[in-house]
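A look at the structure
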Amino acid sequence: MISFTKVTKQYGGQILFFDASFQVNPGEKVGLVGPNGSGKSTIFRLITGEEGPDEGAVDKPRRMTIGYFRQDVGDLKGRSVLAETLSGAGEAGALGEELKVLELKMGDPDTPDFDHVVERFGEAQARYQELGGYDLEASAQAILAGLGFSQESIDGDVGNLSGGWKMRVALAQILLARPDTLLLDEPTNYLDIESILWLEDFLRAYPGAVVMTCHDRDVMNRVVKKIVEIDGGAIRSYTGDYEFYEAARAVEAARREAEFERQQAMLAKEQLFIDRFRAQAAKAAQVQSRMKKLDKIEKIEPPKRIVEKTFDFRKASRSGDDVAKIEGVKKRFGEKVVHGGLDLLVRRGERWAIMGENGSGKTTLLKMIAGVLSPDEGEASVGASVQMGYFAQHQMEQLTANRTLLEELQEHAPTTNIGTLRNLAGAFGFHGDDHDKPIRVLSGGERARLALAKILFDAPNFLVLDEPTNHLDIVTKRALVKALATYEGTILFVSHDRAFLRAIATRVLELSSAGPHVYGGPYDEYVASTGREAPGMRQMTGSKRVVV
């Protein structure tokens, strides 16, 4: 059991939490929630012992093992993906490496202390077997397959992977180690739907405790059974999933609001009496009594109100009826055929979700429609009066690191007055001092919001969005969904967020090795008609998914 008892922690003048207590029980699945900067990562570091509390105590069993997945990975290279994964397998992984060395020494009778080497080999082998070491490679293969790696990439050099795929390797290492407690900081950020679904199953079946932050509400609803909220220095626990937490928090907020209002009304009434009769000698005793009563009353703090973000769209001009047309498009990369003759017509007002496994050509299709990539054969074109807004992950990297947030907006819209740009920044959750932050210090979610702000300021009537919710927190996603609900243009998008898919898609294009398939209804209808939440659903073997 991990126990926080009356813990206080602050950095400089900022108090993250004060006199906070909660606990994580063995095998418990806990979701950690709170605004950016509230102290979620600090909770993780207090659990691992990287930091200590200013006051209070953080207690955990001495022999408890902890695996911590965080959003920064080292420079992985020089080993295969499988070898890199096995290297992070905790005690079992270390014993496996030791056994290899001992085997080499045992093959040479002239090895010094030969008898000691044999003895140590027997001890290490017994412990290795106890830890399931001989099943380690098979387990690693299954985990990597569940996280979307092909056999070719599993055998390939980890150094050739992109940053997102290296994050998957780091996650695989932690899962393979099977510690008593898993600390997971946004584990789904770089995963496709198939891998997210696999991870959900893995975590639900995991015998150890899990403490996680996650911006995917479906994952939180399906995995966690307890929510620990950090907000304004206080920590509160709710027994239930994320949906239960939201409902319970709303009820609690309404109760605190009512208590505050009742006390304010009572205080106002008492103060009115004091002000009215202060100068009357006959009422002096009553006035003094009421003044003492007010001094003794413990004042209820004004309840904190969650500020919902709102994204304001400028009204887009009307496009023609045919917004985008894909005719006989073929595209290959080397020997791999991505599209073998794709046809698609996107009509005004439609909202297309493009779905498919890794490598099925989702992003390639968006790039061809956006004009970033040309088809090998066929034509990808947009219709009359179409003004396109194209959002892709690389646009966050193209933001100028040394500019401030406001300078970036000024560069994008040089003729727009500063007040309008400040309002634009505010609509996307940037207020006050945020405007003067250098872009290099912005988080992934903040960069995504800034890139979206630039695109949507131009009021396009056709949005082409490649994973627009990556790095966005749940509150920001909800604001984006609300804004898109009133958007009158056309949308073509790729997303691994099922809540976003349910809210936005009115049609689904599934790309697979069997060819493209159109589903003429929303995402929920796609799920109902196919019996799956994603095209590349992986079959289950015990608690592990393997590629079909």
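Our structure is the block above this text.
The present account deals with the structure reproduced in this document. (Residues numbered from 1 in each chain as written. Predicted model: local features only at pLDDT ≥ 70, side-chain atom pairs only at ≥ 80, totals over all residues. Heavy atoms only, no water.)

For the rest of this paragraph, the subject is the overall build of the chain. For the chain, the count of helices and strands is 19 helices and 20 strands. Across its three principal directions, the C-alpha atoms of the chain cover 105 × 75 × 45 Å. In the chain, which comprises 548 residues, the share counted as buried stands at 47%. Accessible surface for the chain amounts to roughly 26500 Å². Of this, 49% is attributable to carbon and sulfur atoms. When the 70 basic and 79 acidic side-chain charges of the chain are each reduced to a single mean position, those positions are 8 Å apart. (Helix = DSSP H or I, 4+ residues; strand = E, 2+ residues; numbered from the N terminus. Buried < 20%, exposed > 50% of the residue type's maximum accessible area, 1.4 Å probe, protein only. Areas by Shrake-Rupley, 256 points an atom, 1.4 Å probe, with all protein chains shown as cover. Lys, Arg positive; Asp, Glu negative; His and termini not counted. Charge placed at Lys NZ, Arg CZ, Asp CG, Glu CD.)

Right, let's talk about the sheet that holds strand E1 (residues 2-11) for a bit. A sheet is described by the order of its strands in space; here 3 strands give the open sequence E2-E1-E4, paired in antiparallel fashion. Strands at the two margins of the open sheet, each flanked by one partner only, are strand E2 (14-24) and strand E4 (55-59). Taken over all neighbouring pairs, the strand axes of this sheet differ in orientation by 25 degrees on average, direction set aside. For E1 and E4, the ladder comprises 4 bridges, and the chain directions are antiparallel. (Pairing = 2+ DSSP bridges. Axes fitted to C-alpha atoms, helices over the stretch in contact; angles between N-to-C directions.)

Below, the discussion takes up the packing of aromatic side chains. To describe a pair of aromatic rings, one takes the distance between the centres and the angle between the planes. Counted under the stated rule, the structure contains 12 aromatic pairs. Seen in terms of ring centroids, Phe4 and Phe22 are 4.5 Å apart; in terms of plane orientation they differ by 20 degrees. Their pairing is stacked. Placement of the pair is Phe4 in strand E1 and Phe22 in strand E2, with a sequence separation of 18 residues. The burial state of Phe4 is the same as that of Phe22; both residues are buried. Aromatic side chains Tyr242 and Tyr245 sit 5.4 Å apart centroid to centroid with 55 degrees between the ring planes, which places their arrangement in the tilted category. Here Tyr242 and its partner Tyr245 are both found in helix H10 (residues 242-277), 3 residues apart, which amounts to about one turn of the helix. A single burial state applies to Tyr242 and to Tyr245, both of which are buried. Residue placement shows Lys283 over the ring face of Phe277; its charged tip is 5.0 Å from the ring centre. (Phe/Tyr/Trp six-rings, centres within 6.5 Å; stacked < 30°, edge-to-face > 60°. Lys NZ or Arg CZ within 6 Å of the ring centre and 35° of its normal.)

In this section: the environment of Ala209. Within the secondary structure, Ala209 is located in strand E7 (residues 209-213). Ala209 sits 208 residues away from Met1 along the chain, and the two C-alpha atoms are 9.0 Å apart. Apart from the residues lying within four places of it in its own chain, the contact partners of Ala209 are Val24, Asn25, Gly27, Glu28, Asp180, Thr181 and Leu182. (Contact = heavy atoms within 4.5 Å.)

Here the focus is the pairing of strand E10 (residues 322-333). Where a strand is regular, its side chains alternate between the two sheet faces. Pairing analysis gives 9 bridges linking E10 to strand E11 (residues 336-347), with the strands arranged antiparallel. Note on E11: the bridge partner recorded for Asp322 is Arg347. Where E10 folds back on E11, the antiparallel hairpin that results is connected by 2 residues, among which Gly334 adopts a positive phi of roughly 65 degrees. Note: E10 against strand E13 (residues 377-382), 5 bridges, orientation antiparallel. From the neighbouring strand, Ala324 faces E13, where its bridge partner is Val382.

Spatial strand order, E5-E6-E7-E3-E8-E9: 6 strands in an open sheet with mixed pairing. Among the strands making up the open sheet, the edge pair consists of strand E5 (66-69) and strand E9 (234-239). In this sheet, adjacent strand axes meet at a mean angle of 15 degrees when their direction is disregarded. Both strand E8 (residues 226-231) and E9 contribute to a ladder of 6 bridges, which runs antiparallel. By the bridge assignment, Val228 is partnered in E9 with Ser237. Across the sheet, helix H1 (residues 40-48) touches strand E3 (29-33), E5, strand E6 (181-185), E7, E8 and E9, and the angle it forms with E6 is around 155 degrees.

By size, the foremost hydrophobic cluster in this structure holds 53 residues, and its most contacted members are Leu203 and Met212. No other element matches the 8 residues that helix H7 (residues 163-177) contributes to this core. Not counting residues within four places of it along the chain, the set of residues in contact with Leu203 comprises Lys29, Leu182, Leu184, Val210, Met212 and Val223. Membership of the second largest hydrophobic core comes to 44 residues, among which are Leu197, Met355, Leu399 and Ala534. (Core = buried A, V, L, I, M, F, W, Y, C linked by side-chain atoms within 4.5 Å.)

It is the contact of helix H5 (residues 136-146) with helix H8 (residues 193-205), at a shortest axis distance of 8 Å, that shows an interaxial angle of 135 degrees. Taken together, the axes of H5 and H8 lie oblique to each other. Facing Ala142, Ile143 and Gly146 of H5, the residues of H8 in contact are Ser195, Trp198 and Phe202. Across the contact of H5 with H8, the residue classes tally to 4 nonpolar, 2 polar and no charged. (Parallel < 35°, antiparallel > 145°, perpendicular 65-115°, else oblique. Nonpolar A, V, L, I, M, F, W, Y, C, P; charged D, E, K, R; others polar.)

So, about the environment of Leu82. Within the fold, Leu82 resides in helix H2 (residues 81-87). Spatially, the C-alpha atom of Leu82 lies 49 Å from that of Ala253, the residues being 171 residues apart in sequence. With residues near it in sequence (within four places) discarded, Leu82 still touches Glu137, Ala140, Gln141, Leu144 and Ile154.

With that out of the way, let us pick up the packing of H7 against H8. At a closest axis distance of 13 Å, the pairing of H7 and H8 adopts a crossing angle of 15 degrees. Judged by the angle between their axes, H7 and H8 are roughly parallel. Read as a crossing pair, H7 and H8 show a hand that is left-handed. Contact residues: Arg168, Leu171 and Leu175 in H7; Ser195, Trp198, Leu199 and Phe202 in H8. A per-class count over the contact of H7 with H8 returns 5 nonpolar, 1 polar and 1 charged. (Left-handed = near helix turned anticlockwise from the far one by under 90°.)

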